[in-house]
Amino acid sequence: MKMTGKAFAKKLFGARYERLPRTLLIDVIVFWGLYIAGFQVQIAPSVRILMISAFTAGVMWQALSSGDNITELGHMLMLPHKSREFVFFYVAALGIYAVLTKTGLLFAVVLAVSVWKPIEMVGMLLCMIHAVLMAASVYSLRKYWYAGGIWTVAIVAVILFLGSRAWFSLLLFVNGMFAVLILWRADGYAFYQWESKKSYAIRKRKKAALWRYFFRYLNCHKNYLLNTAVMWCVALVLPYFLREMASMSVVPVGFAILSLNTPIGILLSCDRDLEQAIRFLPGQKRRFCIPYSLFIFFCNMAVDVIFLLSWQIQNGGVTVLMISGAVFFALQSAVLSVLLEWFYPIRDWKIESDLWHHPRKYVVPMVMLLLAGAVSAWPVLLPVLLVLLALETVVLLFIAGGK
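Residues numbered from 1 in each chain as written. Predicted model: local features only at pLDDT ≥ 70, side-chain atom pairs only at ≥ 80, totals over all residues. Heavy atoms only, no water.

## Re the overall build of the protein
In step 1: Helix and strand content of the protein: 19 helices and 0 strands.
In step 2: Expressed as a percentage of the 403 residues in the protein, the buried residues total 44%.
In step 3: Within the protein, contacts between residues separated by at least 24 positions form 84% of all contacts whose residues are at least 6 apart in sequence.
In step 4: Carbon together with sulfur atoms contributes 73% to the accessible area of the protein, which is approximately 21,500 Å² in total. (Helix = DSSP H or I, 4+ residues; strand = E, 2+ residues; numbered from the N terminus. Buried < 20%, exposed > 50% of the residue type's maximum accessible area, 1.4 Å probe, protein only. Contact = heavy atoms within 4.5 Å. Areas by Shrake-Rupley, 256 points an atom, 1.4 Å probe, with all protein chains shown as cover.)

In structure tokens:
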């Protein structure tokens, strides 16, 4: 069983675990840079615990549901194994990956900008372990999703209302032991997605239309749909937070924020077989890039329309210029996302969670924020940018039509 743990660890951290020193060095640099800057923020213990726990559990869930990781799991399950030891080595490998490579950076930021006591560090480490165990146990009970949902909501409520109590760590410990008991009764097949593999085979049929592929792709990745639903919720509440600055100048910033929908912009990076087929088959550049751009554009427009409707209900005053801005930012974000995927796909990832947290995900939103700042300062630039976008689209269509 130790060999099984090493196999998963080498897949996640590299053959010689070379990824760990690099990640820890980045965490130390971020912590020290923020600490010496002297920037301090008051963060309530309950908020800090919820933030660390939710982030760790989310990364752990992404790792457990990663399609590439499921394939490796299927290969491992075909070998002789002891069920309980296999489960705990598997969960431990993914948990260490989630804590060290993802939560570690958030942990460094929280420690650098907030006031804390040494005992609180122990409490936050306990929160990370608890989040890993609970995410794994809820994932193993996917057939009983309602029970997992109630359990999750109950823990979130307990953290919010009791997170500041001195005995709260004891409560997390007891709940963590309950999660361990669930994992003790589970086997490796509880983490294997039979339906996902079947759906994956269905969506790979050659005769399927590209648009049908997009929707089947989302249907096969429920967590991608969840991320989109979260962005819709953000679009609903964002006008409330921007109410104090209710004017045209702040609306482009909202459009830029809402362009941060990572899953729909990593289609080629996360599906190596699709990328290989598109790059080697003739005429696939035009047949793929144009529909893909339109697909991302419609996804962006959906969230922008929700934002504008919410803005009209809460603040009022939606104008034709705002609607034009929504079209511009949605289409420009789509074009830039496709260009990044075509010319600079992410190749050095281990599991799909690495794609979600890759620094490249911030390139398009940062460009959109810069454009939003320019439009906010000089609204007259918006018509000019719309004309430039039209010319850019024509050029891209011409390029896509070539070899």
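Picking up after the structure, the text goes on.
## Things to note about the packing of aromatic side chains
In step 1: Scanning the entire structure with this criterion turns up 9 aromatic pairs.
In step 2: For the ring pair Phe88 and Trp184, a centre distance of 6.2 Å and an interplane angle of 55° mean the geometry is tilted. Residue Phe88 is located in helix α5 (residues 83-113), and its partner Trp184 is located in helix α8 (residues 168-185); the two are separated by 96 residues in the primary sequence.
In step 3: On the accessibility criterion, Trp184 (43% relative accessible area) is partly exposed.
In step 4: With 5.3 Å between their ring centres and 80° between their planes, Trp151 and Phe178 make a pair best called edge-to-face. Pair noted here: Trp151 is in helix α7 (residues 145-162) and Phe178 is in helix α8, with a separation of 27 residues, a long-range link.
In step 5: Take Trp151: its relative accessible area is 13%, and that puts it in the buried class.
In step 6: Connected via pairs of aromatic rings, a cluster forms that spans Phe255, Phe307, Trp311, Phe328 and Phe329. (Phe/Tyr/Trp six-rings, centres within 6.5 Å; stacked < 30°, edge-to-face > 60°.)

## Structural notes on empty space enclosed by the protein
In step 1: Applying the stated rule across the entire model yields 1 cavity of 30 Å³ or more.
In step 2: For the lining of the largest cavity, the secondary-structure elements that each account for two or more residues are α15 (284-314), α16 (320-343) and α18 (363-377).
In step 3: It is α16 that contributes the most residues to the lining of the largest cavity, 3 residues altogether.
In step 4: Residue composition of the lining of the largest cavity, grouped by class: 9 nonpolar, 8 polar and 2 charged. (1 Å grid on protein atoms, 1.4 Å probe; cavity = no way out; pocket = protein on both sides within 12 Å on 5 of 7 lines; lining within 4 Å. Points joined across faces, edges and corners; volume = space filled by probe spheres on them. Nonpolar A, V, L, I, M, F, W, Y, C, P; charged D, E, K, R; others polar.)

## Let's talk about the side chain of Ser310
In step 1: Relative to the helices and strands, Ser310 is located in helix α15.
In step 2: Residue Ser310 is classed as buried on the basis of its relative accessible area, which comes to 5%.
In step 3: One polar contact links the side chain of Ser310 to the main-chain carbonyl oxygen of Leu236, over a distance of 2.6 Å.
In step 4: Ignoring anything within four residues of it in the chain, the contact list for Ser310 reads Ala235, Leu236 and Pro239. (Polar contact = N/O pair within 3.5 Å; in protein donor to acceptor, adjacent residues only side chain to side chain.)

## What to know about the packing of helix α6 (residues 118-140) against α8
In step 1: Between α6 and α8, the least distance of the axes is 9 Å, while the angle of their chain directions is 30°. Between α6 and α8, the angle is such that the two are roughly parallel. Relative to α8, the crossing made by α6 is left-handed. The segment α6 lies against α8, with Gly123, Leu126, Cys127, His130, Leu133, Met134, Ala136, Ser137 and Ser140 engaging Ser169, Leu172, Asn175, Gly176, Ala179, Val180, Ile182 and Leu183.
In step 2: Here the contact of α6 with α8 is composed, by residue class, of 10 nonpolar, 7 polar and no charged. (Axes fitted to C-alpha atoms, helices over the stretch in contact; angles between N-to-C directions. Parallel < 35°, antiparallel > 145°, perpendicular 65-115°, else oblique. Left-handed = near helix turned anticlockwise from the far one by under 90°.)

## Some remarks on the environment of Ser53
In step 1: Within the element layout of this structure, Ser53 appears in helix α3 (residues 45-64).
In step 2: Between the alpha carbons of Ser53 and His130 there is a distance of 7.7 Å; along the sequence they are 77 residues apart.
In step 3: The contact partners of Ser53, leaving out residues within four places of it in the chain, are Cys127, Ala131 and Ile159.

## Regarding a nonpolar patch on the surface
In step 1: Taken together, Trp167, Leu170, Leu171, Phe173, Val174 and Met177 make up a surface patch of nonpolar side chains, about 590 Å² in accessible area.
In step 2: Tracing the sequence through the fold places Leu171 in helix α8.
In step 3: The class for Leu171 is partly exposed, based on a relative accessible area of 32%. (Patch = residues over 30% accessible without salt bridge, like charges linked within 9 Å, V, L, I, M, F, W, Y side chains within 5 Å. Salt bridge = Lys/Arg side-chain N within 4 Å of Asp/Glu carboxyl O.)

## Some thoughts on the packing of α5 against α6
In step 1: Running from amino to carboxyl end, α5 crosses α6 at an angle of 140°, the nearest separation of the two axes being 10 Å. With respect to their mutual orientation, α5 and α6 come out oblique. Read as a crossing pair, α5 and α6 show a hand that is right-handed. Of the residues in α6, those touching α5 at Val91, Gly95, Val99, Thr103, Phe107, Val110 and Leu111 are Met121, Met124, Met128, Val132 and Ala136.

## Brief notes about the nonpolar core
In step 1: Within the largest apolar cluster, 46 residues are counted, with the highest numbers of intra-cluster contacts made by Met60, Leu64, Leu73, Val91 and Phe191.
In step 2: With 11 residues, the single largest contributor to this core is α5.
In step 3: If sequence neighbours within four positions are ignored, Val91 has contacts with Met60, Val132, Ala136, Leu183 and Phe191.
In step 4: Formed by 29 residues, the second largest nonpolar core is a distinct cluster that contains Phe288, Cys289, Trp349 and Leu355. (Core = buried A, V, L, I, M, F, W, Y, C linked by side-chain atoms within 4.5 Å.)

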